[in-house]
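# Commentary on secondary and tertiary structure
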Amino acid sequence: MREALFYEKLPHDVVRCELCRHRCRIAPGMRGICRVRENRTGQLMSLVYGRIVAEHVDPVEKKPLFHVLPGTESYSIATVGCNFRCRHCQNHTIAQYEPRAAAEIPGHPTTPQQIVERALESGCRSISYTYTEPTIFCEYALDCARLASAAGLKNIFVTNGYITPRALDAVAPFLDAANIDLKGFSDDFYQRVVGAQLGEVLECIRDYHRRGIWIEITTLVIPGENDSDDQLNGIARFIADELGCDVPWHISRFFPQYRMTDREPTPSASLTRAVEAGRRAGLHFLYVGNQVGGRENTDCPACGAMVISRGGFQIFDNRLVGKVCPQCGAGLAGIFC
C-alpha cells in the first residue's frame, strides 16, 4: 500500500482522485471506480502498489505493438483493477476486481527493482504495463519505469486512454510507447458498453501524441456495437487527421466473452470494411489480428515492398535496415532500435 500521488484534499476528509479522467470524489472509507484506491481518513491510498497478479515474458507484438523493437520480448506485468467496466473484458478475472470485506488485495509483493532485474535476466528489451489498466497502478509503474529507463529498457503502456494530463506528465519522461484502445466512436457505445466518455478518450490520445510518445491504436470490432461505417470511418479519420497517417491501426476480431456472450464473432466482412476505412483515410499501416490469416505484415508506404513478415506474434523475416526500407531507402515510423 502506498499514498497516491495524484489527488486533491477536500473538506470533511473527502478527496478527489486526479489520476484518471473519472476524477472520482471519494468519501472516507470508500474507493473509486477502479476499486483499488481508497480514502483512509482524508488520505488517498493505492492498495495495489507492488502487488503483481500477472507477470509474463511476451513478444512485443502481442501488446500489440508492431513498430516497437520488432521480434523482441517484453516483460509484462499487472496488478488487479481497472477504471473501465467493459462488457467484453478479456481479462475480467483480474481487471474487474471485486473487493471483499477484510480481504487482502490479490497479488504477490514485488519491488520495482525485482521487476527490472527479472526483465534484464529474461533478455527482454522492454517492460509492458498491461493486462489490466496501467493507469490504476501508476505509482508502481512510475517507479518501475524510472529504474527500467536507467537500465536501458523501453517502457510501454497498454491502456484504455483515460489518464489525466497531470499524471501523464509524470510518466511521459520514462514512457516510450503506448498501445491505446480506441474502442468505438460514439458516446452511446462508450457509456453503455465501456463506462466512460468518448471525448475524454480522444483528448487523452491527443495528450499522448503531444508528449511525443509513440502510439499504436487498437479497435476490437464488435458486431452490432461499433462496426457501423460511421464509427469505423470516424476512427480512421481521427487517427489520420489528429495523429498522422504513420500511426498504426490494429483492427481486432471479437469473440464472445464475459458479459457479451450473446454476440457472434466478428465476420470477416466487418474487418475488411475497417481496413477499407483506413485506406480511404490514408493510413499507412493497417493490421488485422485475432484471426487466422490476419493482416500482420508491414509494407513500406513509399514503394509497397514487404519489410517485415509476421504471423501469430512471430517475426518470419525482418528486412529493415535500421528503420529504412532496403528497396527504396524510405524511413519507416516507429522505434526500431
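Below is a short write-up of the structure. (Residues numbered from 1 in each chain as written. Predicted model: local features only at pLDDT ≥ 70, side-chain atom pairs only at ≥ 80, totals over all residues. Heavy atoms only, no water.)

## Some thoughts on the packing of aromatic side chains
Basically, it comes down to this: Side-chain rings of Phe, Tyr and Trp, where Trp is taken by its six-membered ring, are said to pair if the distance between their centres is within 6.5 Å; with planes under 30 degrees apart they count as stacked, over 60 as edge-to-face, and otherwise as tilted. Using a 1.4 Å probe on the protein chains alone, a residue whose accessible area is under 20% of its type maximum counts as buried, one over 50% counts as exposed, and one in between counts as partly exposed. Whether a charge lies above a ring is judged from NZ of Lys or CZ of Arg, which has to be within 6 Å of the ring centre and within 35 degrees of the ring normal.
Following the criterion strictly, the structure yields six aromatic pairs and no others. Each ring, one from Phe189 and one from Tyr190, has its centre 6.0 Å from the other, and the planes form 90°; the classification is edge-to-face. Assessed through its relative accessible area of 0%, Tyr190 is described here as buried. It is Arg2 that lies over the ring of Tyr49; its NZ or CZ is 3.9 Å from the centre.

## What about the sheet that holds strand S19 (residues 314–318)?
Defined as follows: Pairs of strands are assigned from DSSP output, requiring at least two bridges between the strands. Secondary structure counts use DSSP, requiring at least four H or I residues in a row for a helix and at least two E residues in a row for a strand, with both numbered from the N terminus.
One open sheet holds the three strands; their spatial order is S17-S18-S19, and the pairing between them is antiparallel. One side of each edge strand has no neighbouring strand; the edge strands of this open sheet are strand S17 (298–299) and S19.

## What about the layout of surface pockets?
What counts is decided by this rule: Both cavities and pockets are sets of points on a 1 Å grid over the protein atoms alone; in a cavity a 1.4 Å probe fits but cannot get out, in a pocket the set is open with protein on both sides within 12 Å along at least five of seven lines, and lining residues sit with an atom within 4 Å of a point. Grid points are joined across faces, edges and corners, and a volume is the space filled by probe spheres set on the points. Note on residue categories: nonpolar means Ala, Val, Leu, Ile, Met, Phe, Trp, Tyr, Cys or Pro, charged means Asp, Glu, Lys or Arg, and polar means any other residue, Gly included.
Put simply, the largest pocket is a space of about 1100 Å³. Contributing to the lining of the largest pocket are 40 residues, with Lys62, Lys63, Pro64, Gln90 and Thr218 lying nearest its centre. If you list the elements that add at least two residues to the lining of the largest pocket, you get strand S12 (154–159), strand S13 (177–181), strand S14 (214–221), strand S15 (249–253) and strand S16 (286–289). Residue composition of the lining of the largest pocket, by class: 15 nonpolar, 18 polar and seven charged.

## Let's talk about helix H6 (residues 198–210)
To keep it simple, the criterion reads: One less than the number of residues in a helix, times 1.5 Å, gives the span that helix is expected to have.
Its 13 residues place the ends of H6 18 Å apart at the C-alpha level, agreeing with the 18 Å of an ideal helix rising 1.5 Å per residue. Turning to H6, its buried residues are Leu198, Val201, Leu202, Cys204, Ile205, Arg206, Asp207 and Tyr208. One or two positions beyond H6, positive phi appears at Gly212, with a value near 80°.

## A word on the nonpolar core
This is how the line gets drawn: Buried residues of nine kinds, namely Ala, Val, Leu, Ile, Met, Phe, Trp, Tyr and Cys, make up a nonpolar core once their side-chain atoms join them within 4.5 Å. Working rule for contacts: check all heavy atoms of both residues, and any pair within 4.5 Å makes them a contact.
Counting residues in hydrophobic clusters, the biggest one holds 93 residues, and the most contacted among them are Leu182, Tyr208, Ile217 and Trp249. Setting aside anything within four residues of it in sequence, one finds Ile217 in contact with Ile180, Leu182, Ile205, Ile239, Leu243, Val247, Pro248, Trp249 and His250. By size, the runner-up hydrophobic cluster in this structure holds 11 residues, among which are Tyr287, Cys300, Ile308 and Phe336.

## Observations regarding empty space enclosed by the protein
Here the structure, examined in full by the defined rule, presents one cavity of 30 Å³ or more. There is about 80 Å³ of room inside the largest cavity. In this structure, the largest cavity is lined by Cys17, Leu19, Cys20, Cys24, Ile26, Gly32, Ile33, Cys34, Arg37, Asn83 and Ile136. Looking at the lining of the largest cavity residue by residue, the class counts come to eight nonpolar, two polar and one charged.

## Points about the pattern of salt bridges
Where we set the bar: Salt bridges are counted wherever a side-chain nitrogen of Lys or Arg sits within 4 Å of a carboxyl oxygen of Asp or Glu.
Taken as a whole and judged by the stated rule, the model has 27 salt bridges. Across the pair Glu55 and Arg118 runs a salt bridge, and its minimum N-O distance is 2.8 Å. Taken together, the residues span a long stretch of sequence, with Glu55 in strand S8 (residues 54–59) and Arg118 in helix H2 (residues 112–121) at a distance of 63 residues. Judged by its relative accessible area of 28%, Arg118 is partly exposed. Salt-bridge contacts for Arg210 lead to Glu203; the nearest nitrogen and oxygen are separated by 2.5 Å. Judged by its relative accessible area of 52%, Arg210 falls in the exposed class.

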